Every structure is written in structure tokens, then in C-alpha cells.
Amino acid sequence: MSSHRFAMLRQKPLKILAALGLAVGSTLVVDSGVASAATTTNVTLSAAPSSPTYGDTVTLTATLDQPAAGFVQFLVNSSGVGCDSQSVSVSGAGGTATCPYTPTSAGSFLVDANFSPTDTTTYTSASATQISVQVGKANQAALTMTSATTATYNGTAYTLALAASGGSGAGALSFVPTNGTATGCSVTGSTLTAATAGTCSVTATKASDGNYLLQNSGAAVVTFSEANQAALTMTSATTATYN
């Protein structure tokens with residue numbers, strides 16, 4: 001090869017660089033036209049307490065495995081709740097979003113959490129695996145007998161109107177009698193009746209409903225007394241003659 005031809009070959013790369021506006025030693029970055037794939041984001045959903053009862057507030061928590069900012073939508077039985085859209089800020093390996101939720105009744109609830117990233121180019125949207133939260137029935141408030149504890153024979157029967165206060169929910173109120181020193185203690189509706197004077201023990205019960213457990217009162221002792229007779233007057237004559 002002649003020295004002239006060799007010199008021409010050496011000059012071609014220089015001409016190409018010049019045409020591209022690059023100096024010798026520059027780095028050429030080639031764009032393939034294919035965008036980098038967004039990082040897959042995973043969401044873990046939890047609830048605390050794990051076994052709540054009616055009236056408890058349940059804290060729903062969505063935890064990300066990527067340092068991605070965005071929003072988490074919480075759904076209960078496929079419907080949004082009061083805190084259904086919570087922001088997530090970048091925090092270490094992954095941010096969290098929490099939602100305090102108070103169940104509207106006892107029973108089973110299905111909870112979902114869906115994450116939407118602010119930067120959709122870098123991170124993917126994600127949905128947590130659905131969880132079930134079982135909400136148990138709550139204890140009722142205390143139930144107390146409030147009716148009188150003494151009654152007197154009324155001329156036809158030993159009776160007393162029963163009453164109680166307290167409890168919770170819509171369960172029916174009932175009374176259960178037990179013979180003490182009296183006999184025939186029984187209840188019809190809210191009226192206590194005994195066959196004889198003496199004592200009857202009575203307990204009030206408020207039935208369970210959809211949200212509350214059954215509640216009993218403490219036993220109340222009712223004393224039935226005999227009535228005083230009407231005044232007794234001697235009506236016979238006060239004088240007599242030898243017959």
C-alpha cells in the first residue's frame with residue numbers, strides 16, 4: 001500500500017468525527033430508541049389489631065418495597081372509605097400509607113390497597129394481595145335492674161312491674177325469675193308474679209344482635225309481703241240478761 005493511500009485511510013475517521021461535531025477522544029452515546037423498563041413495585045397490606053371487635057378502629061397499612069412516592073387507595077368491600085387516598089413519601093427502602101378505619105358493623109370485611117406512583121416512568125402501579133378482616137361482636141354496656149325490690153299483696157295477687165337499664169344494641173330485654181322463699185315466681189312480659197309471700201330472684205337479660213353479645217344483669221331479690229287486713233271491729237251486743 002502506498003503512503004498516500006494509507007494517509008487517506010487515516011483521515012476518514014477524523015472526517016466522520018468532524019461531521020458529527022465531535023472532537024477526537026469524545027464519547028459517542030447511541031440511543032437505541034427502547035425505553036428502560038419501569039421498576040416493579042410490590043405492596044404489602046396489613047391490619048391492626050388483627051382480631052378487632054365492633055367499635056374498634058382498625059389501622060390499615062400499605063407498605064411498598066420500593067422508594068417510590070405516590071398515592072395508595074384503600075377499599076373495603078370494593079368501596080372507598082373515609083381515608084381512601086393516602087399519599088406515600090419516599091422513605092428508605094419503601095414508604096408506607098396508613099388508613100384508620102372504623103367498621104360499621106361486626107362481620108367479615110375484604111380490604112384492598114392500590115398504589116399509583118407519581119413517577120410512572122420509573123415505577124409501576126401495584127395492588128396488594130386482598131386481606132380479610134373479621135370483626136367480632138362487642139360486649140354490651142352493664143345491665144342493671146332498676147325496679148322496686150318490695151311489693152305487698154294487692155288483694156288479688158303478688159305482682160311487681162320489672163325494669164332494667166343499660167346494655168347496648170337492639171336486642172330484646174327479658175327477665176328470668178327463680179323461686180326464693182316464695183312459690184310460683186313467674187314473669188309475663190315485664191310483670192313478676194308470685195303465688196305466696198316471700199322472695200323471688202330476678203335476672204334481666206338483653207339479647208345479642210348483629211353487633212353485640214348477650215348481656216345479663218346481676219340478680220335482684222324481690223320481697224313480697226302479706227298485706228295488713230282491714231280494721232276488725234267487734235259488732236256484737238255489749239249487754240245481755242239472764243234468760
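Residues numbered from 1 in each chain as written. Predicted model: local features only at pLDDT ≥ 70, side-chain atom pairs only at ≥ 80, totals over all residues. Heavy atoms only, no water.

*Asks:* Tell me about the overall build of the protein chain, and name the residues and values.
*Replies:* From N to C terminus, the protein chain includes one helix and 18 strands. Looking at the protein chain residue by residue over its 243 residues, the buried ones come to 29%. Partitioning the contacts of the protein chain with sequence separation of at least 6, the portion at a separation of at least 24 is 60%. Accessible area for the protein chain stands at about 14,900 Å²; split by element, carbon and sulfur atoms hold 53% of it. (Helix = DSSP H or I, 4+ residues; strand = E, 2+ residues; numbered from the N terminus. Buried < 20%, exposed > 50% of the residue type's maximum accessible area, 1.4 Å probe, protein only. Contact = heavy atoms within 4.5 Å. Areas by Shrake-Rupley, 256 points an atom, 1.4 Å probe, with all protein chains shown as cover.)

*Asks:* Which residues make up unusual backbone geometry, and what values go with them?
*Replies:* The linkage connecting alanine 48 with the following residue, proline 49, adopts the cis geometry, with an omega of 0°. On the secondary structure map, proline 49 appears in the loop between strand S1 (43–48) and strand S2 (58–64). The backbone phi angle of asparagine 77 is positive, close to 50°, even though this residue is not glycine. In this fold, asparagine 77 is placed in the loop between strand S3 (70–76) and strand S4 (79–88). A relative accessible area of 40% places asparagine 77 in the partly exposed class. For serine 78, which is not glycine, the phi torsion reads 70° and is therefore positive. Position of serine 78 relative to the elements: it lies in the loop between S3 and S4.

*Asks:* How would you summarise the state of the cysteines if you had to cite specific residues and measurements?
*Replies:* A disulfide bridge is the covalent bond that connects two cysteines by way of their sulfur atoms. All told, the structure shown has one disulfide when counted by the stated rule. Disulfide pairing is shown between cysteine 185 and cysteine 200; the S-S distance is 2.0 Å. Because the torsion about its S-S bond is -80°, the bridge between cysteine 185 and cysteine 200 counts as left-handed. Within this pair, whereas cysteine 185 is found in the loop between strand S13 (173–179) and strand S14 (186–188), its partner cysteine 200 is found in strand S16 (residues 198–206), the two being separated by 15 residues in sequence. Cysteine 200 gets classed as buried once you look at its relative accessible area, which sits at 1%. (Disulfide = S-S within 2.5 Å.)

*Asks:* Which residues make up the sheet that holds strand S15 (residues 191–194), and what are the values?
*Replies:* Pairing in this open sheet of three strands is antiparallel, and the strands run S11-S15-S14 from one edge to the other. At either end of the open sheet lies a strand with only one pairing partner, and these are strand S11 (158–161) and S14. Adjacent strand axes in the sheet meet at a mean angle of 25° when their direction is disregarded. Sheet topology note: the S11/S15 ladder contains four bridges and is antiparallel. Counted as the bridge partner of tyrosine 158 is alanine 194 from S15. (Pairing = 2+ DSSP bridges. Axes fitted to C-alpha atoms, helices over the stretch in contact; angles between N-to-C directions.)

*Asks:* An account of the confidence of the model for the protein chain is needed here, citing residue identities and associated values.
*Replies:* Overall, the prediction assigns the protein chain a mean pLDDT of 86, with 82% of residues at 70 or greater. Low confidence marks residues 2–10, where pLDDT is under 50. Its contacts with residues over four positions away, or in another chain, come to two contacts. (pLDDT = per-residue confidence, 0-100.)

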